[in-house]
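Here are the chains, one letter per residue:
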Amino acid sequence: MSTSYQAVGWNRQKKIYDWIIFGFCVAYLAIFIFLNLIFNPQVTFETLLIRSTSTLAVLLLHVILSIGPLTRINKKFLPLLYNRRHLGVTMFSIAAIHGVFGIIQFHTLGNVSPIVSLFTSNTRFDSLAGFPFQALGFFALVIFFLMAITSHDFWLHNLSPKVWKTLHMFVYAAYFLVILHVMLGVIQFETNPTFIVILLIGTTTLISLHVIAGTREVQIDNIKYDLEKDGFRKVCDVNDIEEDRAKMFCIGKERIAVYKTQGKLFAVNNVCKHQNGPLGEGKVLDGCITCPWHGYQYLPHNGQSPPPFKEKVSTYDVKIEGTTVWLNPKPYPEGTERPGAVIALPNSKGKIIETLISNN
Amino acid sequence: MDKRKKKQQMIRPLRKRHLQIWSALAILIPVSIVSALLVRPKDIPGNLLQPASTEALPVIIKTVEKKHYVVSLRGNNQVATQLEWINKNVLTFPTAVIYKTPRTFSPTHDDLIGRIEARGTYRFGLKPDARNEYHFILYDFIHQQKIDSINF
């Protein structure tokens, strides 16, 4: 939402978030090294470093990949999403330490370049047990690197959200490569079942979360709103929408968020201009629809970000008949002002008795 | 307007693609994990380069102790027929092979005894030396340099 770019737009939440990440990483590394020194005192410093950073990076990767589906399943996890990019860059940095020290340990003392050695020291591509697992980790690290260096809003804006999102979906390929890297690497020689059990728990949890969240999303998208009148579709009851909150309706190609605020209903496109966050899952703060992902804001009546910001989303007509909300899925150009639908005051029995159409 | 419409339509296909990707991963990851577990070697060697059948001969004839390793000549009597090499630490050389050598070392002509790398105990058979002179060289054949020499 910035009008100009800066390295990191620090605020209190980001600082707290980053301190928690830092504290967690330090605590994890300290505990891992301490336990290893107790139970495996012969281990060398290099091995400790390689193992502690690898397990921490895999753990962080699971946390990062869990945040998306968790927020779709329960909004309480949204604060985790706010600064997820910092978590991603942290994970890459730790994975890079693992990768660099692994290459130093195993490939720098030969008579060929370490990178050449990485790809030529083991060429058993025909063997699953002896597969060159280090190369798999290397390719995963390359993907994480590309994601880390393009994580800034500068790249999001210049690449466009579509390209940026597509690029960042390669994280799933990287995750698969990491799993193969672990399974065909350390697990082949690890006699302690702890690592395998932890990895199985992690993968099972992650897959379950994504499939559950994804299935729910598709089900929401597939709800039919067939009752039509004058181009409007019947979508819900006005009491179904909480004050300063929205409900989303997928009519046609994309979802529309219908917000209830200041005694009116307003309809805007659900897709935030920043990272395509779901505006309908946000709330109205300071009179603005606020994206739950990174706090981008839009005025409910025209879909425009408050000055000096210039983001705009499409607006729609909405009307109320009795207590029934009707939505016209035909979008107005982005930033078009609409008056919204006035919600009539309830009578003594708590029922809305007036029918108001105020969109024309 | 068309361009704008395309932008608006972006997120729903992404949601679908997420589900498609994770549905595929839900199959690929378990298959990969199970396959990798199935091909795990049943007997995971503690020391890849040490012959499993080699046991220590009963008599220690001579011992040389260095910072990172202890080297002993062993036998059934006073004739050395086994070289025992105990690595106290992991060697920091990419290749470390032991040659039995006369005083003048020549890796192309001397007897190659064996290779060591990890921490642990290595035992190699030796031909008895009539002169009872045992000189060994630890040699890094990638960098073609002597790492150490052990003289009994």
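All values derive from a computational prediction rather than experimental measurement.

> Describe the pairing of strand β7 (residues 135-140) of chain B, naming the residues involved and giving the relevant values.
Residues and elements named next belong to chain B. Examined bridge by bridge, strand β4 (residues 96-100) and β7 share 4 bridges and lie antiparallel to one another. Residue Tyr 99 lies in a different strand from β7, and its bridge partner there is Ile 137. Summarising the sheet, β7 and strand β8 (residues 145-151) pair through 6 bridges and their orientation is antiparallel. Residue pairing across strands places Asp 140 opposite Gln 145, the latter belonging to β8. Between β7 and β8, which pair antiparallel one after the other, the connecting turn spans 4 residues, and Gln 144 there sits at a positive phi close to 50 degrees.

> Before we move on, can you summarise the confidence of the model for chain A with the specific residues and values?
All names here are of chain A. Overall, the predicted model of chain A reaches an average pLDDT of 87, with 93% of residues at or above 70. Confidence scores differ between elements of chain A, with helix α7 (residues 153-159) showing the lowest mean pLDDT of 79 and helix α9 (residues 171-184) the highest of 96. Confidence drops under pLDDT 50 across residues 352-360; counting only partners more than four residues distant or on other chains, this segment forms 28 contacts.

> Outline the interface of chain A and chain B, supporting the account with residue identities and numerical values.
In this assembly, 37 residues from chain A lie in contact with 31 residues from chain B. Counting residues per element, the ones that place at least two in the side of chain A that touches chain B are α8 (161-168), α9, α10 (186-189) and α11 (194-222) of chain A. No other element matches the 10 residues that α11 of chain A contributes to the side of chain A that touches chain B.

> Go over unusual backbone geometry, please, and point to the residues and values.
Residue and element names in this part refer to chain A. A cis amide bond links Pro 307 with the next residue in sequence, Pro 308, at an omega value of 10 degrees. Note on placement: Pro 308 falls in the loop between β8 (297-298) and β9 (315-321). Even without being glycine, Gln 262 reaches a positive phi, approximately 55 degrees. By the secondary structure assignment, Gln 262 is in the loop between β4 (254-261) and β5 (264-269). Positioned with a positive phi, Asp 286 is a non-glycine residue whose angle comes to about 55 degrees. When you line up the elements, Asp 286 lands in the loop between β6 (283-285) and β7 (288-290). With 7 C-beta atoms counted inside 10 Å, the residue Asp 286 sits in the exposed group.

Analysis parameters
Residues numbered from 1 in each chain as written. Chains lettered and ligands numbered in written order. Predicted model: local features only at pLDDT ≥ 70, side-chain atom pairs only at ≥ 80, totals over all residues. Pairing = 2+ DSSP bridges. Helix = DSSP H or I, 4+ residues; strand = E, 2+ residues; numbered from the N terminus. pLDDT = per-residue confidence, 0-100. Contact = placed C-beta atoms within 7 Å. Buried ≥ 20, exposed ≤ 12 C-beta atoms within 10 Å, placed from the backbone.

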